[in-house]
4 protein chains.
Amino acid sequence: MAFNSFGNIFKLTSFGESHGTSIGGIIEGCPAGLEIDFIFVQEELNKRKPGQSRIVTQRKEEDEVEFLSGIFEGKTTGLPIGFIIKNTNAKSKDYAHLKDAYRPSHADFTYQEKYGHRDYRGGGRSSARETACRVVAGAIAKLFLRHYKVKINAFVKQIATIKLEKNFSELNLEDTFLNIVRCPDMVIAEQMINLIESIKKQGDTVGGIIQCVIQNCPVGLGEPVFDKLNAVLAHAMLSINAVKGFEIGAGFEAVTKKGSELNDEFIKNSNGNTSTKTNNSGGIQGGISNGMPIYFNVAFKPVATIMQTQNTLNKLGEEITLEAKGRHDPCVLPRAVTIVEAMAAMVIADFLLISKVNKL
Amino acid sequence: MAFNSFGNIFKLTSFGESHGTSIGGIIEGCPAGLEIDFIFVQEELNKRKPGQSRIVTQRKEEDEVEFLSGIFEGKTTGLPIGFIIKNTNAKSKDYAHLKDAYRPSHADFTYQEKYGHRDYRGGGRSSARETACRVVAGAIAKLFLRHYKVKINAFVKQIATIKLEKNFSELNLEDTFLNIVRCPDMVIAEQMINLIESIKKQGDTVGGIIQCVIQNCPVGLGEPVFDKLNAVLAHAMLSINAVKGFEIGAGFEAVTKKGSELNDEFIKNSNGNTSTKTNNSGGIQGGISNGMPIYFNVAFKPVATIMQTQNTLNKLGEEITLEAKGRHDPCVLPRAVTIVEAMAAMVIADFLLISKVNKL
Amino acid sequence: MAFNSFGNIFKLTSFGESHGTSIGGIIEGCPAGLEIDFIFVQEELNKRKPGQSRIVTQRKEEDEVEFLSGIFEGKTTGLPIGFIIKNTNAKSKDYAHLKDAYRPSHADFTYQEKYGHRDYRGGGRSSARETACRVVAGAIAKLFLRHYKVKINAFVKQIATIKLEKNFSELNLEDTFLNIVRCPDMVIAEQMINLIESIKKQGDTVGGIIQCVIQNCPVGLGEPVFDKLNAVLAHAMLSINAVKGFEIGAGFEAVTKKGSELNDEFIKNSNGNTSTKTNNSGGIQGGISNGMPIYFNVAFKPVATIMQTQNTLNKLGEEITLEAKGRHDPCVLPRAVTIVEAMAAMVIADFLLISKVNKL
Amino acid sequence: MAFNSFGNIFKLTSFGESHGTSIGGIIEGCPAGLEIDFIFVQEELNKRKPGQSRIVTQRKEEDEVEFLSGIFEGKTTGLPIGFIIKNTNAKSKDYAHLKDAYRPSHADFTYQEKYGHRDYRGGGRSSARETACRVVAGAIAKLFLRHYKVKINAFVKQIATIKLEKNFSELNLEDTFLNIVRCPDMVIAEQMINLIESIKKQGDTVGGIIQCVIQNCPVGLGEPVFDKLNAVLAHAMLSINAVKGFEIGAGFEAVTKKGSELNDEFIKNSNGNTSTKTNNSGGIQGGISNGMPIYFNVAFKPVATIMQTQNTLNKLGEEITLEAKGRHDPCVLPRAVTIVEAMAAMVIADFLLISKVNKL
């Protein structure tokens, strides 16, 4: 059992609560000899950190990672990489009024029932603060994947009803981080930002869809039955806070198509390699990568914490009224783009390592 | 690593190819003392078996399970339950023409590249025949879950564009297996059957959506971070052949709602228990079951094998024309309902066992 | 959790009771493309099977393995290898008198208490019959290790007080299976055989020591902390029925030596490779193989089933007298040599695969 | 794969090198609601720490543990317990001369070959410093086991040829920590201390045997086949630095006994419980605890670092002479007693949790 771990060979085990002294983790299975670009790792964290723009939570947290082991003279040693990120801006008193409250659509009730005892400060372990550890591990995975030229790009495809209708091949995915909402189309991005700002003024929240594209993925990643590459990607994505849906390739639209319309014919591509004419499979067939781009959508619900009064119960079963306080995100997607990429990078790195032992 | 296994405590490890002598598996972690209703297990297999109706493949396979260990005097011993299902109707010569062909949207190419060597007969291990083993393990899981009164009901919600619009609470889920398409609304079912028959005549295939509802699930199942109950359900479902999407609770529709609309207020239910007014969370909050019904949708693409001529490549990279042969399903959903239930049952049984050690 | 499994990548999961219809298992992680020498696998089983000589149990069991999957056209496919061995000579009525008895030094009491329900026939799952599955997996592991020229030789070093005092380097380990007791020194072997025959006449049993030597093991196998190569070998050996002790390299004798006497100085060997002058480390330093021969001793207690009357209790806590019946081994070591080799082969094969991903 | 982890449910994952900024770990699976006695945890660490007496290394390291998560208001929350121990006295320049040297019987060569790159300072990850993390996890396990009244006592039974011949039942195991060598017989302890001091003056080192006794262990712990309780204890012990042997119950002496002498007859004990007359099995039958005391011996070789000049090779394959420097233990056993107990406690805690799901 590995409930605080993700991955088989390339593996992150994480710990930490939102308002503890620090969060952190252990990254195992990263091969020895990988040069660590510390600036890159920190930049990845910066893309997720709170307080970075006007459309995310104004909580200020520097999210500086300290590596404690497993890296020597700038390179991985093949041994576990321990790291911590200190919680510098935890204002636990902001949460005293929530001690016994069950906030709607939060984990307060389920944690209380499961464990009989919980750290209620800032959501404790159920806070998305934990995802900072994923970003660290994802950054290391990305550095490893550079050796295989694998490219992973996530971006915001939809905020509420504002949708980027273009196919990813029509977009310049390198532009994603040029705006604060992380949508590679600047016109749509502007609309999304305006929407989020307007929702924020209402004290409300919105959700949306992040699309992730993995290019240059080697053929042969994924395991045939239970650990199909798509199944593990789904697992990875649904493990992110607020995610309610996942679809790969043609996804839910495949439902209304016929087999004759959806099948991906094999053809030679311009390099003479076996390729497919269309890519409704989303780069994965029989659970195994086929070398075509892998793309999938991840649906996020609106943030549960709203700046409006809500009715709910407390631990004693009494009806209470909840007044919103604190500093929260009106929309989680701008900060989640990096988390989606991080989880995807960990999955691909892990299966890439596994694929080294498939054949004699 | 456990690539042919699913589950942590309650675990299935499976083996077998479509045209080998038999498929089978080992079920571990089922507590000792569980009475096995062998007739029930076989009935579950019968719901999945080929040849059972005019809208599924006409291949005849009896799918009789033989238990080899772990059951003594009708009860589980707590030790591994080995079982096999013989392949009685494997007509491998039907597949000789596919030896080197890469069928569109099948796993031929990816298996060949991954392993350099493959059993091409009937799709080998990539065939959905392997899911019969899941049904056996799922049936044992269901027998275990009866002790906790957990009810798991899947049904066909959509075939191509024909959609059952009702909420599951308006349906009599016990009626699902009264018709051959496995839709609990008899009127919609009729339309679905007609559609499948018409598609079959075209030599084409269709997909659809299966919804699964889990009722009376105890509060507290699921692990907080990487093994959230929803994440493991997504993993389970995406590991089923032909699945392209998963959504839980409000799912993809949550994207266009505001937080204030979507949040599930806590209320006392008629039994005085903590409950929620709405259930957009789909019975899971913070990755942990909250006692409300768990419901999720699983999107299946149309079957890749069509009775039409297709262009593709062979192993040598040559362009070939594929003439369809053999006995195939025009639509996989009627047979997949039981598979979805089986996977859900395994997930819930596993987390139920895990929950025994959460508290001192 | 993997309680019926052994290994990480190269992994055996086994099932089956002594008197069920068959025992069997699933071998995972064997790379695709390995040619299976079926005759070799069966010969390995023959070395373990009962009834093969006058100093082992006279129970006749052919122990024929049937492979059900994972091998196609004589080669592994990289997919799980399912197999069964039928129980052809189970005479369960021999055990009816043991239904409620707790045989001294057997697992009857502990199984009953742990599970509340047990298959008492022939010891059920606690019977060493289960080790036949290990021999199958070990044989596949040995075939894999041939590609790396790794040689694994176990032999009987001691039976009761009769001890082969020579160092393994003075022995011709290929001669081990020339006699029925499996000791490569023919003079000592004769003494051992005589002793076992004499003990058998007394209706008693004896134990002994098996030494195992692994030559040509690549440098770098084993993991630094918890899964040191020596730790996993110890785990493997202590998992064999009747084993009470394990020592590696200088072993228990290291206790009375000084550091200055025991340290293994590094030197160049005749091939110019880094080697050690002595090998008190037993081929493993810091948990990782150093290229020198790995050697270890495994202590087996005498078989618990004796042909003498014994006092004990039954399930109801009543004092009873146990009359011995059935066909049992006076000494388990001759048949255990192959089991020790099989477990060692699985460990080395597993770590060899793991070592493929240590470095960038 | 879990190479830096130990345990299934109750699990430690550790990280850190001897001369990094800190070592640490994550403890998972400890049930929620356990009160943490922080003073007890620190006392356990103090029993292992360097510099505590004249017969251990004079290196001063305070070994203060800082818990970072998983404990709230003094009790475990059921969530991962992250912790670090800072390295306050790392004098890395002491090791500069060892940068390229392969110290005899150390892990320098094997790490270099396995990873191609290593942190040579103070042995890096191969240093026994890592065992401090095990002591932290073991202390938490002991606190958990108090609820089941399980008692775990290890003690030094032998140093070189000085041996405590008494059976553990004749000793007062609570006296073990009254002397600096950790032998519960004060006369033998004095002899051991004198021997160690004399060896230290010679610049040499000695080994010995630690015995560990587990009392009040519930019946039914351990898994039948591969994860027998004795097998996992062997794994645990052989994973400790410098351990070369393990024996349980009658151990290697069982080899020279007959079955009729060694079998443990079942009898009623004074409480009317099923018990055994003798305990050659060492409290475990068929891999499962039977309620009798579990006892086993662990053989430690002398410390490899000696204060004498040694010949060896360096990374370039050149012959070099090694002058000893630094502060080292002449004998590791006094500090290892707590480590043996910690590993035993983790094993028992883990199997105790697992046993909660054995029966319906």
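Residues take numbers from 1 onward in each chain, read along the sequence in its written order. Each chain gets a letter, beginning with A, and each ligand a number, beginning with 1, in the order they are written. Totals for whole chains, interfaces and linings use all residues, but because this is a predicted model, local features are given only for residues with pLDDT of at least 70 and pairs of side-chain atoms are given and counted only at 80 or more. Only hydrogens and water are set aside; all other atoms, that is, all heavy atoms of the structure, feed into the side-chain values.

S.K.: Explain the relation of the copies chain A and chain B to me, and be specific about the residues and the numbers.
M.R.: Residues reaching a pLDDT of at least 70 in both copies supply the C-alpha atoms on which the copies are superposed by least squares. Superposing chain A onto chain B takes a rotation of 180 degrees combined with a translation of 0.0 Å along the rotation axis, leaving an RMSD of 0.0 Å. Accordingly, the operation relating the two chain copies is best matched by a two-fold axis.

S.K.: Explain the environment of Val340(C) residue by residue, including any values.
M.R.: Residues and elements named next belong to chain C. Helical segments are the DSSP runs of H or I of at least four residues, strand segments are the runs of E of at least two, and each set is numbered from the N terminus. Tracing the chain through its elements places Val340 in helix H7 (residues 333–354). Along the backbone, Val340 and Lys257 are 83 residues apart, and their C-alpha atoms lie at a distance of 28 Å. Aside from chain neighbours lying at most four places away, what touches Val340 is Ala154, Ile210, Cys212, Met237, Ile240, Phe296 and Phe300. Should any heavy atoms of two residues lie within 4.5 Å, those residues are counted as being in contact.

S.K.: Hey, could you go over the relation of the copies chain D and chain C for me, with residue numbers and the actual values?
M.R.: Mapping chain D onto chain C leaves a residual RMSD of 0.0 Å; the transformation is a rotation of 180 degrees accompanied by 0.0 Å of translation along its axis. Looking at chain D, 100% of its interface residues are interface residues in chain C too, so the copies touch through the same face.

S.K.: Before we move on, can you summarise the sheet that holds strand E2 (residues 11–15) of chain C with the specific residues and values?
M.R.: All names here are of chain C. Pairing between strands requires that DSSP locate at least two bridges from one strand to the other. Ordered by their spatial adjacency, five strands build an open sheet running E1-E2-E3-E7-E4, and the pairing between neighbours is antiparallel. Of all the strands in the sheet, just strand E1 (5–6) and strand E4 (65–67) have a single pairing partner and so form its edges. One ladder, built from six bridges, connects strand E3 (residues 22–28) with strand E7 (residues 81–86); its direction is antiparallel. Within the sheet, the bridge partner assigned to Ile27 lies in E7 and is Ile81.

S.K.: Explain the environment of Arg134(B) to me, and be specific about the residues and the numbers.
M.R.: Residues and elements named next belong to chain B. Turning to its location among the elements, Arg134 is positioned in helix H3 (residues 131–146). Think of it in three bands: with a 1.4 Å probe and only protein chains considered, a residue is buried below 20% of the maximum accessible area for its type, exposed above 50%, and partly exposed in between. Residue classification places Arg134 among the buried residues on the basis of a relative accessible area of 0%. Sequence separation of Arg134 and Thr338 is 204 residues, and the distance between their C-alpha atoms is 9.4 Å. Looking at Arg134, its side chain comes within polar contact range of the side chain of Glu130, at 2.6 Å. N or O atoms within 3.5 Å of each other form a polar contact, as long as, within protein, one can give a hydrogen and the other can take it, and as long as residues adjacent in sequence are counted only when both atoms are side-chain atoms.

S.K.: Could you give an account of unusual backbone geometry, with specific residues and numbers?
M.R.: Positive phi, normally seen in glycine, also occurs at Asn216(B), with a value near 65 degrees. When you line up the elements, Asn216(B) lands in the loop between strand E10 (208–215) and helix H5 (229–238). Among the residues examined, Asn216(B) registers a relative accessible area of 47% and is labelled partly exposed. Phi at Glu73(D) takes a positive value of approximately 50 degrees, unusual for a residue other than glycine. Residue placement: Glu73(D) occurs in the loop between strand E5 (71–72) and strand E6 (75–76).

S.K.: Provide a residue-level description of the interface of chain D and chain C, including the pertinent values.
M.R.: Listed by partner, the interface residues are 104 residues for chain D and 105 residues for chain C. For the pair chain D and chain C, the two sides together bury roughly 8,300 Å², of which 63% comes from carbon and sulfur. Together, Phe3(D), Lys114(D) and Phe226(D) form the three largest contributors to the area buried by chain D at its contact with chain C, with a combined 11%. What makes a salt bridge here is a side-chain nitrogen of Lys or Arg within 4 Å of a carboxyl oxygen of Asp or Glu, nothing more. One can count two salt bridges joining chain D with chain C. Accessible surface is computed with a 1.4 Å probe, and the buried area is the amount of it that two parts give up when combined, taken over both parts together.

S.K.: Describe the pairing of E3(C), with residues and values.
M.R.: Residues and elements named next belong to chain C. Burial of E3 is extensive: seven of the seven residues sit out of reach of the surface. Taking every second residue as pointing to the same face, both faces of E3 are buried, with Ser22, Gly24, Ile26 and Glu28 on one and Ile23, Gly25 and Ile27 on the other. As paired strands, E2 and E3 are joined by five bridges and run antiparallel to one another. Residue pairing in the sheet places Leu12 in a bridge with Ile27 of E3. Hairpin connection, E2 to E3: the antiparallel pair is bridged by six residues, and Gly16 has positive phi, about 120 degrees.

S.K.: Give a description of the packing of helix H5 (residues 229–238) of chain C against H7(C) that names residues and reports values.
M.R.: All names here are of chain C. It is the contact of H5 with H7, at a shortest axis distance of 9 Å, that shows an interaxial angle of 145 degrees. The crossing of H5 and H7 is right-handed. Here Leu229, Val232, Leu233, Ala236 and Met237 of H5 lie close against H7, whose contacting residues are Val340, Met343, Ala344, Val347, Ile348 and Phe351. For this classification, the nonpolar set comprises Ala, Val, Leu, Ile, Met, Phe, Trp, Tyr, Cys and Pro, the charged set comprises Asp, Glu, Lys and Arg, and every other residue, Gly included, is treated as polar. Class assignment of the residues belonging to the contact of H5 with H7 gives a composition of 11 nonpolar, no polar and no charged. To obtain an axis, a line is fitted to C-alpha atoms, over the contacting stretch when the element is a helix, and the angle between two such axes runs from 0 to 180 degrees between their N-to-C directions. Crossing handedness: left-handed means the near helix sits turned counterclockwise from the far one by under a right angle, and right-handed means the same turn made clockwise.

S.K.: Report on the sheet that holds strand E11 (residues 243–248) of chain B, specifying residues and quantitative values.
M.R.: What the 10 strands build is an open sheet, ordered E9(A)-E8(A)-E10(A)-E16(A)-E11(A)-E11(B)-E16(B)-E10(B)-E8(B)-E9(B); its pairing is antiparallel. The sheet terminates laterally at strand E9 (162–163) of chain A together with strand E9 (162–163) of chain B, the two strands that pair on one side only. Contacting strand E11 (243–248) of chain A together with E11 and strand E16 (294–300) of chain B, H5(B) crosses the sheet at an angle of about 160 degrees to E11(B).

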